[in-house]
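# Descriptive analysis of the structure
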Amino acid sequence: MRRVVVTGIGVVSALGPTREHFWNALKEGCCGIRPLVLGGNLSLTFKNGAQVLDFDSSQVGSPRTQEFMDRFSQLGVVAAEEAIKDSGIELNPDVAKRAATITGSCLGGILSEDEQYLALYRNGKNRAHPMTIPRVMANAAACQISMRYGLRGPSLTVSSACASSSHALGHAFWLVRSGIAEIAISGGSEAPFALGHLKAWEALRVISPDTCRPFSMNRTGTILGEGAAMLLLEPAERAIARGAHIYAEIAGYGMTSDAQHLTQPSVDGATRAMALAMEDAGLNPEQVTYVNAHGTATQANDIVETKAIKNVLGGHSQHVAVSSTKSLHGHALGAAGALEAAATILAIERSRVPPTANYTQPDPDCDLDVVPNASRALMIEAALSNSFAFGGMNAVLAFRRWK
Amino acid sequence: MVEMDAGAITDEVIKIIAKHSSAQGKITVDSTLQELNMDSLDAMNVVFGVEEKFEVSVPDELVRNLKTVGQIVQEIQRLEQQKAAEATRS
């Protein structure tokens, strides 16, 4: 089987409009969580979120082009554009014909849906906008990307809640590794800040009234985030032959189901997913230098994830750096796994672990080295990126430094 | 809604079409949507714009017959007359 490397990264997030804005904020520990800017006048018990501010939608084209896309597609297209340009790959007909587009999204175009419901249910309108369906469908971002670049190989969208884009990247990795696709553009995008949707999160009582403090004793829940990250995956041989810059290798992918509870995470499911990713990558515990945690900052996740990391890495768990970058870019649901994969890959390439921000109080049940508040220079041989979704759907990606 | 003459309706329809067409040339009463590089989705956007602007509902079975600017204008006039007649009756 072929080895698969990442040669392009594009990111739009609350930390800024590009990959380098994203990395600089991770490195400096600058948090993208701010007071929410929302239309409408419904009250919410939480006030903060990690929104993409000042997004320039003209980057996707004319007002007419924009009209065909919900914000989640627009974010996805802009991230894909950055990743493809960054990779320097030439999308000639032979490559394009076998190029895969695999995206993750939890919610699809929920902003467009919310807007239409508001018009129909409250503002007395009797018709919905005719582009509502093509904007709202969860695969809209993947369609827009494949149409824009003429990528004519396999394309699909994975929806597995907060693990969507980790699953998407894992499947893209398989397609390229097996040779079914020659290259892949893969990741995820999400634009969840629709009032109706936020009220639904409020009812679940897992959003912090304050900020996202993963692994900290005084954590009070997660903070929602918005954004997109896309990676360009290709076989190592091709990347070397064309002299491309290689960020890192995607070395393994593990997935499991808890088959247990709709929202409560399980130690068993998380442990097995991490172990499978390491086995797939041929990694032993001592080779894992860094774990980019799912780290939502809910009471349950952080304790369960700590136990799972200890189960998998054994004694080495006390020597591994673990951080949750959700504390910086928020929990971007279907885009979370891709944002965190990008953070992990950049951490490997730049030999620096991004911190767990907003950390103020050690929790004896989360007694790992969580890299509190400041990034740390560290040579990373291999790293894991964890995603554990509602519904007990777990996806873990393993990355290795490219030598 | 103030009743408009055919010329004024045509001007409004052309404005709506221009928003959704990528064609560069002049849009006239005889222009077909096809000539204006408009596909079926663009046509749905135009019908939506017309319905919103003129407060009418174009029946599904008539939508596919609207090939030219002039036909759209005629359909709006027909629907407006129908609306006026119904208002008089009630």
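Located above this text is the structure these notes cover.
Our subject in this report is the structure included herewith. The structure presented is a predicted model; accordingly, all values stated were derived computationally and were not measured.

So, on to the overall build of chain B. Helices and strands together make up the secondary structure of chain B, namely 4 helices and 0 strands. The order of α-helices and β-strands along chain B, N terminus first, is α-α-α-α. In terms of overall size, chain B behaves like a compact globule, its C-alpha atoms giving a radius of gyration of 13 Å where 90 residues would be expected to give roughly 12 Å. The C-alpha extent of chain B, read off along each of the three principal axes, is 45 × 25 × 20 Å. Sorting the 90 residues of chain B into buried and exposed places 40% on the buried side. Across chain B, contacts joining residues at least 24 apart in sequence account for 56% of those joining residues at least 6 apart. When the accessible surface of chain B is split by element, carbon and sulfur atoms take 50% of a total near 5400 Å². Separation of charge centres in chain B, based on 9 positive and 16 negative side chains, amounts to 1 Å.

Once that is clear, we can look at the pattern of salt bridges. By the definition in use, this model includes 29 salt bridges over all chains. Between R64 of chain A and D42 of chain B there is a salt bridge, and its shortest N-O distance comes to 3.1 Å. In this pair, R64 of chain A sits in helix α2 (residues 63-67) while D42 of chain B sits in helix α2 (residues 40-54), so the two residues belong to two different chains. In this structure, R64 of chain A and D42 of chain B share a single accessibility class: buried. Residue D369 of chain A pairs with R376 of chain A through a salt bridge whose shortest N-O separation is 2.7 Å. Residue R376 of chain A is classed as partly exposed on the basis of its relative accessible area, which comes to 31%.

On to the nonpolar core. Residues and elements named next belong to chain A. By size, the foremost hydrophobic cluster in this structure holds 66 residues, and its most contacted members are V6, I9, F22, L231, L233 and I345. Per element, the largest residue contribution to this core is 9 residues, and it comes from helix α14 (residues 336-350). Contact partners of L233, with chain neighbours within four places excluded, come to V4, V5, V6, L169, A172, F173, V176, I183, A184 and I250.

This paragraph deals with the interface of chain A and chain B. Taken together, the contact pairs 9 residues of chain A with 13 residues of chain B. For the pair chain A and chain B, the summed buried area comes to about 1000 Å², and 50% of that belongs to carbon and sulfur atoms. Of all residues in chain A, R64, R127 and P130 of chain A bury the most surface against chain B, accounting for 59% of the area lost on that side. Remark: the boundary between chain A and chain B carries 4 salt bridges. With its nearest N and O atoms 3.1 Å apart, the salt bridge here joins R127 of chain A to E52 of chain B. Residue composition of the side of chain A that touches chain B, by class: 4 nonpolar, 1 polar and 4 charged.

Glancing now at the layout of surface pockets. Residue and element names in this part refer to chain A. Of the voids in this model, the largest pocket is the one considered here, and its volume is about 700 Å³. As for the largest pocket, its lining consists of 28 residues, and the residues nearest its centre are L111, D114, F193, A194 and L195. Listed by contribution, the elements that provide at least two residues to the lining of the largest pocket are α5 (110-122) and α9 (195-204). Considering every element that reaches the lining of the largest pocket, the biggest residue donor is α5, with 8 residues. Here the lining of the largest pocket is composed, by residue class, of 13 nonpolar, 7 polar and 8 charged. Its volume calculated, the second largest pocket comes out at about 330 Å³. Residue lining of the second largest pocket: 24 residues in total, with T263, P265, T296, T298 and F390 positioned closest to the centre. Elements with a contribution of two residues or more to the lining of the second largest pocket: α9, α12 (299-313) and β13 (382-389).

Turning next to the side chain of Q116 of chain A. With respect to the helices, strands and loops of the structure, Q116 of chain A is situated in helix α5. Of the residues examined, Q116 of chain A reaches a relative accessible area of 8% and is grouped as buried.

For the rest of this paragraph, the subject is the side chain of S317 of chain A. Residues and elements named next belong to chain A. Looking at the element boundaries, S317 is found in the loop between α12 and β10 (321-323). Residue class for S317 comes out buried when judged on its relative accessible area of 3%. Apart from residues lying up to four places away in sequence, S317 is in contact with I309, K310 and L368.

The rules behind these values
Residues numbered from 1 in each chain as written. Chains lettered and ligands numbered in written order. Predicted model: local features only at pLDDT ≥ 70, side-chain atom pairs only at ≥ 80, totals over all residues. Heavy atoms only, no water. Helix = DSSP H or I, 4+ residues; strand = E, 2+ residues; numbered from the N terminus. Rg over C-alpha atoms; globule rule 2.2 N^0.38 Å. Buried < 20%, exposed > 50% of the residue type's maximum accessible area, 1.4 Å probe, protein only. Contact = heavy atoms within 4.5 Å. Areas by Shrake-Rupley, 256 points an atom, 1.4 Å probe, with all protein chains shown as cover. Lys, Arg positive; Asp, Glu negative; His and termini not counted. Charge placed at Lys NZ, Arg CZ, Asp CG, Glu CD. Salt bridge = Lys/Arg side-chain N within 4 Å of Asp/Glu carboxyl O. Core = buried A, V, L, I, M, F, W, Y, C linked by side-chain atoms within 4.5 Å. Buried area = accessible area lost by both parts, 1.4 Å probe. Nonpolar A, V, L, I, M, F, W, Y, C, P; charged D, E, K, R; others polar. 1 Å grid on protein atoms, 1.4 Å probe; cavity = no way out; pocket = protein on both sides within 12 Å on 5 of 7 lines; lining within 4 Å. Points joined across faces, edges and corners; volume = space filled by probe spheres on them.

Nothing here speaks to function; it is all geometry.
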